[in-house]
Amino acid sequence: MITGKMKITDVVKAYPKAIEIFNDFHIDYCCGGNDALEDAVKELGIESNSFIELLNKKLANQAHKSNKEQVLAMERLMEMSIPDLIDYIIDTHHLKERGLLAEIDELINKVFLVHYEHHQEQLIPLHSLFSDLRKELQQHFVKEEKLIFPYMQKNFNGDKGINYVKSLEYEHEAAGNLIKEITACTNDFTAPEDGCTSYRVLFQKLQELVKDVYIHIFIENSLLFQKYEGEI
Ligand SMILES: [Fe+2]
Ligand SMILES: [Fe+2]
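Since we're looking at a predicted model, the values are computed, not measured. Counting of residues starts from 1 at the beginning of each chain's written sequence and follows it residue by residue. Throughout, the order in which chains and ligands are written sets their labels, letters from A for the former and numbers from 1 for the latter. Thresholds applied to this predicted model are a pLDDT of at least 70 for local features of residues and 80 or more for the giving and counting of side-chain atom pairs; totals over whole chains, interfaces and linings are not thresholded and use all residues. Processing note: side-chain calculations cover all non-hydrogen atoms of the structure and skip hydrogens and water entirely.

Engineer: I keep staring at the coordination of the iron ion (ligand 1) and nothing clicks. Help me out?
Structural biologist: Under perfect tetrahedral coordination by four donors, a metal shows angles of 109.5 degrees; under perfect octahedral coordination by six donors, it shows angles of 90 or 180 degrees. Shown as donors are all N, O and S atoms within 2.8 Å of a metal ion, widened to 3.2 Å for Na, K and Ca; because water is not in the atom set, sites may appear incomplete. Coordination of the iron ion (ligand 1) by the protein is provided by His94 (NE2), Glu144 (OE), His216 (NE2) and Glu220 (OE), with metal-donor distances spanning 1.9 to 2.2 Å. Geometry assignment treats four donors as tetrahedral when all angles are between 85 and 135 degrees, treats four as square planar and six as octahedral when opposite donors are over 155 degrees apart and all others between 65 and 115, and treats everything else as irregular. In this structure, the iron ion (ligand 1) is surrounded by 4 donor atoms whose angles at the metal cover 85 to 167°, and the resulting shape is irregular. Each donor residue of the iron ion (ligand 1) lies on the same chain, and together they follow the pattern H-x49-E-x71-H-x3-E. The metal-metal distance between the iron ion (ligand 1) and the iron ion (ligand 2) is 3.2 Å, with glutamate 144 serving as a donor to both. Of this pair, histidine 216 and glutamate 220 both sit in helix α8 (residues 197-228), 4 residues apart, which is roughly one turn of the helix. Accessibility classification places histidine 216 together with glutamate 220 in one group, the buried group. Only DSSP runs of H or I with at least four residues qualify as helices, and only runs of E with at least two residues qualify as strands; both kinds are numbered from the N terminus onward. Burial classes: relative accessible area under 20% of the type maximum marks a residue as buried, over 50% as exposed, and values in between as partly exposed (1.4 Å probe, protein chains only).

Engineer: Can you help me understand the coordination of the iron ion (ligand 2) in this one?
Structural biologist: Taken together, His140 (NE2), Glu144 (OE), His172 (NE2) and Glu220 (OE) make up the protein donors of the iron ion (ligand 2), found 2.0 to 2.2 Å from the metal. Between the 4 donor atoms coordinating the iron ion (ligand 2), the angles at the centre fall across 81 to 168°, so the site counts as irregular. Overall, glutamate 220 belongs to the buried group, its relative accessible area being 0%.

Engineer: I would appreciate a short explanation of the domain arrangement of the protein chain in the present structure.
Structural biologist: Put simply, an interface is often sized by how much accessible area is lost when its parts join up. Boundaries of every domain are those given by an automatic assignment or by a domain database. Domain annotation of the protein chain identifies domain 1 (8-74) and domain 2 (80-228). For domain 1 and domain 2, the distance between their C-alpha centroids amounts to 21 Å. By definition in these notes, contact holds between two residues if any of their heavy atoms fall within 4.5 Å. At the interface, 11 residues of domain 1 touch 14 residues of domain 2. A simple way to read buried area is as the amount of 1.4 Å-probe accessible surface that goes missing from two parts once joined, with both sides added. Taking both partners together, domain 1 and domain 2 bury about 1100 Å²; carbon and sulfur atoms supply 66% of that area. Three residues, Tyr29, Cys30 and Cys31, lead the burial of domain 1 against domain 2; their summed loss comes to 43% of the area buried on that side. Any carboxyl oxygen of Asp or Glu within 4 Å of a side-chain nitrogen of Lys or Arg constitutes a salt bridge here. Seen at the junction of domain 1 and domain 2, the total is 1 salt bridge. Between lysine 180 and aspartate 28 there is a salt bridge, with the nearest N and O atoms lying 3.4 Å from each other. Here a polar contact is recorded for every N or O atom pair within 3.5 Å, except that within protein the pair must consist of a potential hydrogen donor and a potential acceptor, and residues adjacent in sequence are included only if both atoms are side-chain atoms. Linking domain 1 with domain 2 are 5 residue pairs in polar contact (both at pLDDT 80 or more), by the criterion used here. Elements with a contribution of two residues or more to the side of domain 1 that touches domain 2: α1 (8-14) and α2 (18-25). By residue number, the principal contributor to the side of domain 1 that touches domain 2 is α1, which donates 3 residues. Classifying every residue of the side of domain 1 that touches domain 2 gives 6 nonpolar, 3 polar and 2 charged. Polarity classes work like this: nonpolar for Ala, Val, Leu, Ile, Met, Phe, Trp, Tyr, Cys and Pro, charged for Asp, Glu, Lys and Arg, and polar for all others, with Gly in that last group.

Engineer: Explain the packing of helix α6 (residues 82-154) against helix α7 (residues 158-185) to me, please; I cannot follow it from the model alone.
Structural biologist: Helices that pack against each other are described as a pair by the angle of their axes relative to one another and the distance between those axes. Here an angle of 0 to 180 degrees is reported between the N-to-C directions of two axes, which are lines fitted to C-alpha atoms, with helices fitted over the stretch in contact. Contact geometry of α6 with α7 gives a least axis separation of 10 Å together with a crossing angle of 160°. The angle between the axes of α6 and α7 places the two elements in the roughly antiparallel class. Handedness of the crossing formed by α6 with α7: left-handed. Residue composition of the contact of α6 with α7, grouped by class: 20 nonpolar, 5 polar and 7 charged. The labels follow the angle: roughly parallel below 35 degrees, roughly antiparallel above 145, roughly perpendicular from 65 to 115, and oblique for the rest. Crossing handedness is read from the near helix: turned anticlockwise from the far helix by less than a right angle, it gives a left-handed crossing, and turned clockwise, a right-handed one.

Engineer: Just checking my understanding: could you explain the packing of aromatic side chains for this structure?
Structural biologist: Ring pairs (aromatic) are described by centroid distance and by the angle formed between their planes. Between 30 and 60 degrees the pair is tilted, below 30 it is stacked and above 60 it is edge-to-face, where a pair is any two Phe, Tyr or Trp rings, Trp via its six-membered ring, whose centres lie within 6.5 Å. Taken as a whole and judged by the stated rule, the model has 6 aromatic pairs. Arranged with centres 5.2 Å apart and planes meeting at 85°, the rings of tyrosine 151 and tyrosine 164 form a pair that is edge-to-face. Separated by 13 residues along the polypeptide, tyrosine 151 in helix α6 and tyrosine 164 in helix α7 bring together distant segments of the chain. Side by side, tyrosine 151 and tyrosine 164 carry an identical accessibility label, which is buried. Judged by centre distance (5.3 Å) and plane angle (75°), the rings of tyrosine 199 and phenylalanine 203 are edge-to-face. One end of the pair is tyrosine 199 and the other is phenylalanine 203, both in helix α8 and 4 residues apart, which spans about a single turn. Given a relative accessible area of 1%, phenylalanine 203 falls into the buried group. Taken together, the aromatic side chains of Tyr29, Tyr214 and Phe218 make up a single cluster linked through ring pairs.

Engineer: Honestly, α6 in this entry has me stumped. Any pointers?
Structural biologist: An α-helix turns once per 3.6 residues; consequently, residues spaced three or four apart project the same way. How far a helix is expected to stretch is found by multiplying one less than its residue total by 1.5 Å. Helix length check: α6, at 73 residues, gives a terminal C-alpha distance of 10 Å against a target of 108 Å (1.5 Å per residue), a shortfall beyond 12%. Remark: the principal bend of α6, roughly 120°, maps to histidine 119. A residue's bend is the angle separating two fitted axes: one through the seven residues that end there, the other through the seven that start there.

Spelled out as structure tokens, the structure:
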């Protein structure tokens, strides 16, 4: 049973299906995961008691549907050792997001060229925001894979390790802010009525990327770093 006093990150650990609902309501469970659920809900201008009641009802309804796999995945991740969790993050999220960034990069250039005349007000800022996000993520992945993850696999705790973790959390927050701007710029990934198939596919791929980045950041901030700092 979810209560308003629970930290958002703990809600996701116990009820991974809540991610879908949090995404719909733009509740930040990765960088803002340490906030109490009721505070985050209130900040969005939603009445917290009825939201939490609705959340519990929705999750109870979904419990007998086939969400066992996702629950098991979260349990498995929580039990993983630090080296195994790092391998999982690289093989799953870094790989998928690198592929999506390349696909989106090609698509956005195509859509930009075809729809420049009628949709430049949306496409110019979107192109800049996406370019910034792509650069940030690509540099961040390399920093993790070549510097910080190998360090974490060999050294536990210590000031250097804690500072490394802080620098990654800071970069996650910066990526999260760019994602919020992209979400607003795309009207929550809703392509314009006269947008072609490529326009729609571009928005679908962007949304897919955003969802994956959120889960990825959650796993790093709330599982990997907490394990590394001996919190769980
Ligand atoms: Fe990562
Ligand atoms: Fe990261």
